[in-house]
Amino acid sequence: MTTEAAGGQWPGFGPGTVINLAVVKGDHNVQNNYFITKDPDPVESATRHLAGLVWEQWHHEAELRDLFPVPIPVLWRMTDGGNLGDHDHLTGAPMAGSASDLDSFARSFSQRQPQRLTILGGAGSGKTTMAVLLVLELLRQMKGGDRVPVLLPLASWRPAEEHPKSWLIRQIVDTYPFLSARTVRDLLNRRRILPVLDGLDELPDLERPLALRKLNSGYPAHEPLVLTCRTHDYAKVIKKGPVLRSAPVVEGRPLTAEAVAGYLLDHATPQQRDRWRPLTDAVTRDPDGPAAQALSVPLLLWLCGKVHEDPDQDRNPGDLANRNAFPTPEKIEQHLLDSLVPAVYPSDPRDSPHPDRRAPRRWARGHGPREAERAARWLGHLARHLTKREQTDLKWWELGTTMHPSARMTVIGCAAGICVGAVVFLVDTVFVTVFAARPGWGFPARLAKGLLVGLADALINGPPAALLFGLAHRVRRAFVGAAVEPSRMRIGTRGRSGAPRARSVRDILKQVRTGSLAGFAGGAGIGMLFGLWGKGVGDSRWFEIGLVAVMVYGAQFGLVFGLVSGLVAWLETPIDTDSAVRPRGLLATDRNNVLVQLLLLGPLAGVTVMVGSRLIVGFLGGSLWGVPVTAEPVWTIRFALLTALAGGLGAALSMTAWGEWVVLAHVWLPLTGRLPWRAMAFLEDAHQERGVLRQAGAVFQFRHARLQERLARPAEAGADDRS
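Residues numbered from 1 in each chain as written. Predicted model: local features only at pLDDT ≥ 70, side-chain atom pairs only at ≥ 80, totals over all residues. Heavy atoms only, no water.

1. Some thoughts on the side chain of lysine 165
Inspection of the secondary structure puts lysine 165 in helix α6 (residues 164-175). Here glutamate 223 takes part through its side chain, which lies 3.0 Å from a polar atom of the side chain of lysine 165. Once residues within four sequence positions are removed from consideration, lysine 165 is found in contact with Gly218, Tyr219 and Glu223. (Helix = DSSP H or I, 4+ residues; strand = E, 2+ residues; numbered from the N terminus. Polar contact = N/O pair within 3.5 Å; in protein donor to acceptor, adjacent residues only side chain to side chain. Contact = heavy atoms within 4.5 Å.)

2. Observations regarding the nonpolar core
The biggest cluster of nonpolar side chains holds 148 residues, and the ones touching the most others in it are Leu50, Tyr176, Tyr234, Tyr345 and Phe702. Every residue in contact with phenylalanine 702, bar those within four places of it in the chain, is listed here: Leu379, Leu382, Ala383, Leu386, Thr392, Val692, Leu693, Arg694, Leu707, Gln708 and Leu711. Within the second largest apolar cluster, 13 residues are counted, among which are Ile491, Tyr553, Phe557 and Leu601. (Core = buried A, V, L, I, M, F, W, Y, C linked by side-chain atoms within 4.5 Å. Buried < 20%, exposed > 50% of the residue type's maximum accessible area, 1.4 Å probe, protein only.)

3. With respect to unusual backbone geometry
Most of the time, phi is negative for any residue but glycine, and the peptide bond is trans. Its identity as a non-glycine residue notwithstanding, serine 246 has a phi of 60°, on the positive side. Relative to the helices and strands, serine 246 resides in the loop between α9 (231-240) and β7 (249-253). Serine 246 gets classed as buried once you look at its relative accessible area, which sits at 8%. Phi at glutamate 390 takes a positive value of approximately 55°, unusual for a residue other than glycine. Tracing the sequence through the fold places glutamate 390 in the loop between α15 (371-388) and α16 (405-436).

4. Some words on the packing of helix α20 (residues 583-620) against helix α23 (residues 679-688)
α23 packs onto α20 with a crossing angle of 160° between their chain directions and a minimal axis gap of 10 Å. When the axis of α20 is compared with that of α23, the two are roughly antiparallel. Mapping the contact onto sequence places Pro583, Arg584 and Leu587 in α20 and Met680, Ala681 and Glu684 in α23. When its residues are assigned to classes, the contact of α20 with α23 shows four nonpolar, no polar and two charged. (Axes fitted to C-alpha atoms, helices over the stretch in contact; angles between N-to-C directions. Parallel < 35°, antiparallel > 145°, perpendicular 65-115°, else oblique. Nonpolar A, V, L, I, M, F, W, Y, C, P; charged D, E, K, R; others polar.)

5. Here's the deal with helix α1 (residues 42-64)
Taking 1.5 Å per residue, 23 residues should reach 33 Å; α1 reaches 33 Å between its end C-alpha atoms and fits that length. For α1, the buried fraction is high: 17 of the 23 residues fall into the buried class. (Expected span 1.5 Å × (residues − 1).)

6. Notes on the packing of aromatic side chains
By the definition in use, this model includes eight aromatic pairs. A centroid spacing of 5.6 Å and a plane angle of 85° characterise the contact between tryptophan 378 and phenylalanine 682, whose relative ring orientation is edge-to-face. Of the two residues, tryptophan 378 sits in helix α15 while phenylalanine 682 sits in helix α23, which places them 304 residues apart along the sequence. Taken individually, tryptophan 378 and phenylalanine 682 each receive the classification buried, so the pair is uniform in this respect. When the centroid spacing of 5.3 Å and the interplanar angle of 55° are considered together, the rings of tyrosine 553 and phenylalanine 639 count as tilted. (Phe/Tyr/Trp six-rings, centres within 6.5 Å; stacked < 30°, edge-to-face > 60°.)

Now the structure itself:
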């Protein structure tokens, strides 16, 4: 089937032309050898490496989304440019190829200049699926000089605050950390990257017109770009702003009754086809009936297959054809959305649908009748969290934001205070037992005194530490936003051979300045507590004591934190990885960085405290404003240990993404019933085994926005919004 090329239309791709994405030529299990070919040009080498990683990432994700071997037979058609697209003479550069399969469509798209496309469709029509399959097909056909299609969700972009290319560079570096920002910028300048941006409709309503204007200015008509959006939302946006210039528009069509029946029968095993016959016969017999209308939406067709996949469960697909039970397509949609979680979390154990791949860690012990109920409660909590924040990206480092800020500050402060108190108890018990007991005392008496003094010091220091670290957490949140971002660097002596440092000298000096100011503020806070303690015990010089303590401790902590912050920035190198960043990998990287800082930089902080104390005492001559300032060796070592251990542990729990994860997602939220104890294993299982979540780089998302919306509004909504 072809159409005339007159008027700038594409051969085979005029208005009304149908593209069948169900027919995909080529073996999707065979990687393109172009990805692993060596090339002396660093940009070309980076292009090949990136292409291989993108293929690996999205091929793996396509398998998990059941796109192989039986994809849903979605049909797409070219729309009239006068309604949703640009002028025909701007979008209709001639293209060779057949419109009968994705292979030909991808070849024709590759030959088009510029490579621009707008993919539209209703909710659940398969826009993201088309984007994924198009990316894979372009990669399968890729050869020297071609662009790498990079698929990224748009939900995290804030067009009023960030240029689209700056956002794109940051997202690519975060997802594929072997690349530096400079390399990504070079790839963009040499037009070796094809951005495939998914979900303009996932941005807030008021930001969409600005986003489209920014995309047109950031990616002019001669630059490649693919964009997906819901048809209704796109039509509203272009009433207030421009269309995506020079980009033809393809729009998803509802599935025919024959296509629905064919997919369901092909999806079933030969032994189970008779179980599906009542539904498929009803759909083909009554193509305008509720079942046929509902299942014409690809999302609901997938849900139908998933919900009724297990013949052992008491779910008969033929029931959907009962008009008394399901009189409207909306009733069928609600039923399928509500049935997904009970269907994929059965009460009895079942085999993994992907036996060739290592299963994710178990998030619960065994199976039971309440597994689906608990999973629905936890998923509902996460869905309400995202809906309240108007987001679709489920980030492990933002799980704590489900709590009220004051409650979060209190919990983190208390956790830090308990850990500081425990460290103070252990250190003071040892020091008093060894160094502060009276001569002639036996070990039991010395130990008893050490335990009493250690317990008293823990009770004295724990509450102020809780207050200090809780406030530090709240202040940092106020400066960096809703959540502390995890580190996408590692702490090491060197990165890849020839790789540049992650931080410039200017960045390192900035970290030194920030660390010094934070350290001085923390030390000043401790000094103020000394003054208040003096006032509480009736010391007439409490103000002078407090002021001197502020100066001394502020100087000490400013020196320590400045030095450590600068050293950390200097030691940061890009992650040595040959795969795209995944949630658990990013969590492990951040955890390892925190532990390295505690184990290696903690002793350095302690030594700096000891040396700094001696320098400050020598500089002040033993007193300041008549207040004695001393640094006895034994107690200076004690203070250095407390600074390194207690201070480091408190900072790790309150000031890092991993620390917040441990306190909130690993302890508090499970303790209050809002998450399982093994939260990451639960999320991985929901993605890899259950199909409830999908993954995009280092974040999870619900399989579809409609599923998120449905899970976010059960009858008990709001019941878990307590602190």
